[in-house]
Amino acid sequence: DGLSTSYVINVPVNNVAPTLASASATNSTVGGTTTISGSFSDPGVVDNPWTVQVSFDGGSTYVSAGTVSIQGAFSFDVAHGQTVADDYTAIVRVV
């Protein structure tokens, strides 16, 4: 008979943050660079490109290590700017 009915519903679609699976850094010298390597995944496959960022000051300031457009492994040389020999903590994030 061609009749129909409709019902409108709300469908939330959320963007899930990428997951950093691993990260590591090579030893460096005062004023030098370190190589930051790791891997990540993101269920939001259309979120690319992703930016890998590193903080050498406890998370106050982040610098871009580089951009990737495919999920998985990454490796970037990053200048850390440390002027005193010591053990430093690097915080790596993918956005």
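Our subject is the structure listed above.
Read on for an overview of the structure. If you're wondering where the values come from, they're calculated on a predicted model, not measured in any experiment.

## Details of a nonpolar patch on the surface
Point 1. A cluster of nonpolar side chains, Tyr7, Ile9, Val11 and Val13, forms an exposed patch at the surface whose accessible area comes to about 540 Å².
Point 2. As for its position among the elements, Tyr7 is in the segment before strand 1 (19-25).
Point 3. Residue classification places Tyr7 among the exposed positions, given a relative accessible area of 72%.

## Overview of the layout of surface pockets
Unoccupied space between atoms shows up once a probe the size of one water molecule is rolled over them.
Point 1. Reported here for the largest pocket is a volume of approximately 380 Å³.
Point 2. Along the wall of the largest pocket there are 17 residues; nearest its centre are Thr26, Asn27, Ser28, Asp86 and Tyr88.

## Points about the packing of aromatic side chains
Point 1. Under the defined criterion, the tally for this structure stands at three aromatic pairs.
Point 2. Aromatic pair Phe40 and Phe74: ring centres 6.4 Å apart, planes at 45°, arrangement tilted. Of this pair, Phe40 sits in strand 2 (residues 33-41) while Phe74 is found in strand 5 (residues 72-79), placing the two residues 34 residues apart along the sequence. Accessibility assignment for this pair places Phe40 and Phe74 in one class, buried.
Point 3. Among the aromatic residues, ring-to-ring pairing joins Phe40, Trp50, Phe74 and Phe76 into one connected group.

## Considerations on the sheet that holds strand 4 (residues 63-68)
Point 1. Pairing within the open sheet is antiparallel, and its three strands lie in the order 4-3-6. Across the chains shown, the open sheet's two edge strands, defined by having one partner strand only, are strand 4 and strand 6 (91-94). For this sheet, the mean angle separating the axes of adjacent strands, direction not counted, is 20°.
Point 2. With five bridges joining them, strand 3 (residues 50-55) and strand 4 adopt antiparallel strand pairing. Across the sheet, the residue bridging to Thr51 is Thr67, located in strand 4.

## Concerning unusual backbone geometry
With glycine set apart, most residues show a phi of negative sign, and most peptide bonds adopt trans.
Point 1. With an omega of 0°, the peptide bond between Asn48 and Pro49 qualifies as cis.
Point 2. Structurally, the position occupied by Pro49 is in the loop between strand 2 and strand 3.

Reading guide: rules and limits
- Residues numbered from 1 in each chain as written.
- Predicted model: local features only at pLDDT ≥ 70, side-chain atom pairs only at ≥ 80, totals over all residues.
- Heavy atoms only, no water.
- Patch = residues over 30% accessible without salt bridge, like charges linked within 9 Å, V, L, I, M, F, W, Y side chains within 5 Å.
- Areas by Shrake-Rupley, 256 points an atom, 1.4 Å probe, with all protein chains shown as cover.
- Salt bridge = Lys/Arg side-chain N within 4 Å of Asp/Glu carboxyl O.
- Helix = DSSP H or I, 4+ residues; strand = E, 2+ residues; numbered from the N terminus.
- Buried < 20%, exposed > 50% of the residue type's maximum accessible area, 1.4 Å probe, protein only.
- 1 Å grid on protein atoms, 1.4 Å probe; cavity = no way out; pocket = protein on both sides within 12 Å on 5 of 7 lines; lining within 4 Å.
- Points joined across faces, edges and corners; volume = space filled by probe spheres on them.
- Phe/Tyr/Trp six-rings, centres within 6.5 Å; stacked < 30°, edge-to-face > 60°.
- Pairing = 2+ DSSP bridges.
- Axes fitted to C-alpha atoms, helices over the stretch in contact; angles between N-to-C directions.

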